[in-house]
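Chains, contacts and geometry: an overview
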Amino acid sequence: MGTEPSEKDIDAIVAMLDGKTEDGVGRIKVKTSAGVMEGEMATISHHGRCDIGSPFCEGTADIDEGEPDNE
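Conventions we followed
Residues numbered from 1 in each chain as written. Predicted model: local features only at pLDDT ≥ 70, side-chain atom pairs only at ≥ 80, totals over all residues. Heavy atoms only, no water. Helix = DSSP H or I, 4+ residues; strand = E, 2+ residues; numbered from the N terminus. Buried < 20%, exposed > 50% of the residue type's maximum accessible area, 1.4 Å probe, protein only. Patch = residues over 30% accessible without salt bridge, like charges linked within 9 Å, V, L, I, M, F, W, Y side chains within 5 Å. Areas by Shrake-Rupley, 256 points an atom, 1.4 Å probe, with all protein chains shown as cover. Salt bridge = Lys/Arg side-chain N within 4 Å of Asp/Glu carboxyl O. Expected span 1.5 Å × (residues − 1).

1. Concerning the overall build of the protein
Looking only at helices and strands, the protein features 2 helices and 0 strands. Burial status across the protein gives 1% buried among its 71 residues.

In structure tokens form, the structure reads like this:
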């Protein structure tokens with residue numbers, strides 16, 4: 001297995017999650033990646049839902065690339 005996370009690592013993840021939820025993010029998936037330098041975080045946004053048969057799944061949804069609507 002890998003190295004155990006430090007308290008600093010855990011605190012950074014908790015702070016990141018707290019910030020996302022305070023900003024109104026409703027779904028969060030956390031993954032580790034060799035493509036991100038140690039100590040750095042990256043955010044990837046996914047617009048819409050990919051339920052089977054939905055316009056998002058089929059690639060036919062009309063997606064507004066502007067600011068997210070947090071209402």
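After presenting the structure, the write-up continues.
2. Quick look at a nonpolar patch on the surface
A contiguous nonpolar surface patch, about 230 Å² in accessible area, is contributed by V25, I28 and V30. Along the chain, I28 falls in the loop between α1 (7-22) and α2 (55-58).

3. Details of α1
Helix length check: α1 (16 residues) gives 22 Å between terminal C-alpha atoms against 22 Å at 1.5 Å per residue, within 8%. The positive-phi residue at the C-terminal boundary of α1 is G24, with phi of around 95°.

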